[in-house]
Amino acid sequence: MEAANMRPSHFLAATTAPSPPPSPPPPSAPRSLHFLRHDSNTNSPKLKPPSTFSVRASAGANNNPVVTLLDYGAGNVRSVRNAIRSLGFDIKDVQSPKDILNAERLIFPGVGAFAAAMDVLTQKGMAEALCTYIQNDRPFLGICLGLQLLFDSSEENGPVNGLGLIPGVVGRFDSSNGLRVPHIGWNALQLTKNSEILNTIRNNHVYFVHSYRAMPSDDNKDWVSSTCNYGDNFIASVRRGNVHAVQFHPEKSGGTMLLFLCWSFCIEKVLIPKVFLNKGHLTNRKLRVKVLEVGNASKLAKRVIACLDVRTNDEGDLVVTKGDQYDVRENTKENEVRNLGKPVDLAGKYYRDGADEISFLNITGFRDFPLGDLPMLQVLRYTSERVFVPLTVGGGIRDFTDGSGRYYSSLEVASEYFRSGADKVSIGSDAVYAAEEYIRSGVKTGKSSLEQISRVYGNQAVVVSIDPRRVFLKNPYDVDFRTVRVSNPGPNGEEFAWYQCTVNGGREDRQIGAYELAIAVEELGAGEIMLNCIDCDGQGKGFEIDLIRLISDAVNIPVIASSGAGKVEHFSEVFKKTNASAALAAGIFHREELGIGSVKKHLSNEGIEVRLTPYKPPPSRFSRPWN
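Here the structure is a predicted model, which is why all the values come from computation and not from measurement.

Within this structure's numbering, the places UniProt gives as "active site" (unreviewed entry) are Cys144, His249, Glu251, Asp309 and Asp467. Within the element layout of this structure, His249 appears in the loop between β14 (243-246) and α8 (256-265). Contact partners of His249, with chain neighbours within four places excluded, come to Ile143, Cys144, Tyr207 and Val209. Tracing the sequence through the fold places Glu251 in the loop between β14 and α8. At a separation of 2.9 Å, a polar atom in the side chain of Glu251 contacts the side chain of His249.

The structure is reproduced here in structure tokens:
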């Protein structure tokens, strides 16, 4: 049943999507069975190379090949579903262990926490079936946590036993040397063995988002097909026979999902967009794949993010708008809402132009009833059918009670966002209130939206949006907040400033500085910070470098620079002068004053590594109207 046909007050109760995974038990509790590994030099199954393995599966209802999907109910797997369907596959969901054992080809897109996933697999009897399926060399593709669970154990809320198919322990990245954790963004692969599935994308960046990783060793070297360098070389993919698993997200790495599915499942009957055939990437229906030559990936790339502020205009249409210091109305007699296009259309355009991520911010909805704003949920659903890079959404993610007295937790709100296609949620005002209480009491209650969502979905799924304004000072000791010596003195010659945080779209000042807020939200579970500046918003004079340097030096999580970009040089400036991991812009892209391609070309010419797209992604095969 479509959510749009439901009454808002019954929206969550009526949804058929699975509930979030249960909170993990105490670390001392037994987690799961620890299955016996088949040693490579003793009892291992005979594994056939993919070149001699041919799947002749029974067709689905539409006479298409069928992929079985193991979705245990955490995080966003809608993009995986959409990527599979866009290639002409039908999907069969795993309902029981028998569905795993009977699968012709199986995808496990694990999302969330290791312990919670193992608990679900074990409680439903699926862990043993999954081990049997893999040990029998059946076509398998694991994604992210779907790779990690194959190992012996994980340190995440652990130690926690995994499936025990690959030797090794999954541990957290070491941030003690300044490494930013989570590892978020587009990074390069180093191939360790011949693997056709990876040859198709070498020299090009792929998308990672994780805080834990497995390390290569002599014990697992026969499995490792590629590594990635982030602090150390960690395992980016494994392959043995028909079993493939990757730490990165092919469904979020542009067009690589097509090549992965074709190679890992040896499928001939698949809908191959003509753009691949015409460009010579896929030379015929038997999938002899050429290497994508474009790209010079060597390390983690700096990200360029397109942001879309979405609201309902005076006619009731959902539009993309852009503020001038947060004012989104035109300076005309009618004072109408600034309309710069339709959100799904613009998101698709920016994806094809090479945006590394798309960020939606609903700036007027969700005031009284977040889940009543069904059009925004539809925007996410339709965008995720067309756009295969990460999607972030923000606006109204908090606890609330509807008009009938029904209470909804922020976790329920975020869960609906994830089910609708979001990869990350952005929290603003509610994070400020949580940080103020944490600073006051020194106690993490676990009840804030930030803490709840981070605990269930992982901190990599939570972005905190900080909206400060500059307050000039003559004496840096006039306030109890961290100050900076500003590059450009204030109107009365002030040489110092602090950055006062605001809530409710910049309409209300709070007695907390951006520095203090950033430190607090990292401790509460934020995985990334989107750093705005009201003074720079819509001005086109450049990012607030003093603020971005202050915050990006203070935290160990990635920082997204936002507000103020007006020309390509502003992007190179922020990456050269600060430790920002990404730069975000809105109005200059909407008004076509700058293109994402021109920004990336400039950055590349300046010696700043960025992701280059080897082809323009083909239009989606989905064509449903969304507005």
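It is worth spelling out the pattern of salt bridges at this point. Scanning the model with the defined rule gives 25 salt bridges in all. Two residues, Arg381 and Glu416, come together in a salt bridge whose shortest N-O distance is 3.9 Å. Here Glu416 lies in helix α12 (residues 410-420) and Arg381 lies in helix α11 (residues 374-386), a separation of 35 residues in the sequence. According to the relative accessible area criterion, Glu416 is buried, its value standing at 4%.

What follows is about the UniProt feature "binding site: L-glutamine" (unreviewed entry) in the chain. The positions UniProt marks with the feature "binding site: L-glutamine" (unreviewed entry) are Cys144. For Cys144, the location among the structural elements is in strand β4 (residues 140-144). Apart from residues lying up to four places away in sequence, Cys144 is in contact with Gly110, Val209, Val246, Gln247, Phe248 and His249.

Here we take up the side chain of Thr578. As for its placement among the helices and strands, Thr578 is situated in the loop between α17 (568-577) and β29 (582-585). Here Val574 takes part through its backbone oxygen, which lies 2.6 Å from a polar atom of the side chain of Thr578. Leaving out residues up to four positions away in the same chain, Thr578 has contacts with Ile545, Ile548, Arg549 and Ser552.

Ile358, Phe360, Ile453, Ile529, Ile551, Phe571 and Phe589 are the most contacted members of the largest nonpolar core, which has 98 residues in total. Broken down by element, the residue count for this core peaks at seven residues, all from helix α15 (residues 514-524). Of the residues that make up this core, three or more belong to each of domain 1 (66-264) and domain 2 (303-324 + 335-606). The next biggest cluster of nonpolar side chains, apart from the first, holds 39 residues, and it includes Val94, Ile100, Ala103 and Ala127.

Viewed as axis vectors pointing N to C, α12 and helix α14 (residues 449-457) meet at an angle of 50 degrees, and their least axial separation amounts to 9 Å. Here α14 runs oblique to α12, going by the angle between their axes. Seen from above, α12 lies across α14 with right-handed handedness. Here Ser410, Leu411, Ala414, Ser415 and Phe418 of α12 lie close against α14, whose contacting residues are Ser449, Gln452, Ile453, Val456 and Tyr457. Class assignment for the residues of the contact of α12 with α14 results in six nonpolar, four polar and no charged.

Now for the sheet that holds strand β6 (residues 160-161). Strand pairing within a sheet occurs via backbone hydrogen bonds; the two strands may be parallel or antiparallel. Across the sheet, which stays open at both edges, the four strands sit in the order β6-β5-β7-β11 with mixed pairing between neighbours. Two strands bound the open sheet, and with one partner strand each, they are β6 and β11 (212-214). Bridging between strand β5 (residues 151-154) and β6 involves two bridges; their strand directions are antiparallel. Note on β6: the bridge partner recorded for Ser154 is Val160.

What follows deals with the sheet that holds strand β9 (residues 190-191). Taken in spatial order, the eight strands line up as β2-β1-β3-β4-β14-β13-β12-β9 in an open sheet, and their pairing is mixed. The open sheet terminates on both sides in strands that have one partner only, identified here as β2 (90-93) and β9. Sheet topology note: the strand β12 (residues 224-230)/strand β13 (residues 232-240) ladder contains six bridges and is antiparallel. Bridged to Thr227 within β13 is Ile235.

Attention now moves to the packing of aromatic side chains. For any pair of aromatic rings, geometry is given as the distance between the ring centres together with the angle between the planes. All told, the structure shown has eleven aromatic pairs when counted by the stated rule. Both rings, one in Phe173 and one in Phe234, keep their centres 5.4 Å apart while their planes meet at 85 degrees; by these two values the pair is edge-to-face. Here the residue Phe173 occupies a position in the loop between β7 (166-172) and β8 (183-187), and Phe234 occupies one in strand β13, the gap between them amounting to 61 residues. Accessibility expressed as a relative area gives 3% for Phe173, which makes it buried. Its relative accessible area of 0% is what places Phe234 among the buried residues.

A word on unusual backbone geometry. A cis amide bond, omega 20 degrees, links Gly158 with the succeeding residue Pro159. Assignment of secondary structure puts Pro159 in the loop between β5 and β6. Cis peptide bonds are those with omega within 30 degrees of zero, and the linkage from Val181 to Pro182 qualifies with 15 degrees. With respect to the helices, strands and loops of the structure, Pro182 is situated in the loop between β7 and β8. Residues other than glycine seldom take positive phi values, yet Asn504 does so here, at roughly 55 degrees. Examined against the element boundaries, Asn504 turns out to sit in the loop between β25 (496-503) and β26 (508-513). Overall, the relative accessible area of 33% leaves Asn504 in the partly exposed class. Positive phi, close to 80 degrees, is recorded for Ser563, a residue that is not glycine. Considering the arrangement of structural elements, one finds Ser563 in the loop between β28 (559-561) and α17. Owing to a relative accessible area of 8%, Ser563 belongs among the buried residues under this scheme.

Once that is clear, we can look at the side chain of Asn220. Checked against the element boundaries, Asn220 lands in the loop between β11 and β12. Since its relative accessible area comes to 0%, Asn220 is described here as buried. A polar side-chain atom of Asn220 sits 3.0 Å from the main-chain carbonyl oxygen of Pro167. At 2.8 Å, the side chain of Asn220 forms a polar contact with the backbone nitrogen of Ser217. Setting aside residues up to four positions removed in sequence, Asn220 forms contacts with Phe151, Ile166, Pro167, Met215 and Ile235.

About the cut-offs
- Residues numbered from 1 in each chain as written.
- Predicted model: local features only at pLDDT ≥ 70, side-chain atom pairs only at ≥ 80, totals over all residues.
- Heavy atoms only, no water.
- UniProt positions renumbered as here; feature names shortened; annotations may be inferred.
- Helix = DSSP H or I, 4+ residues; strand = E, 2+ residues; numbered from the N terminus.
- Contact = heavy atoms within 4.5 Å.
- Polar contact = N/O pair within 3.5 Å; in protein donor to acceptor, adjacent residues only side chain to side chain.
- Salt bridge = Lys/Arg side-chain N within 4 Å of Asp/Glu carboxyl O.
- Buried < 20%, exposed > 50% of the residue type's maximum accessible area, 1.4 Å probe, protein only.
- Core = buried A, V, L, I, M, F, W, Y, C linked by side-chain atoms within 4.5 Å.
- Domains from an automatic or database assignment.
- Axes fitted to C-alpha atoms, helices over the stretch in contact; angles between N-to-C directions.
- Parallel < 35°, antiparallel > 145°, perpendicular 65-115°, else oblique.
- Left-handed = near helix turned anticlockwise from the far one by under 90°.
- Nonpolar A, V, L, I, M, F, W, Y, C, P; charged D, E, K, R; others polar.
- Pairing = 2+ DSSP bridges.
- Phe/Tyr/Trp six-rings, centres within 6.5 Å; stacked < 30°, edge-to-face > 60°.

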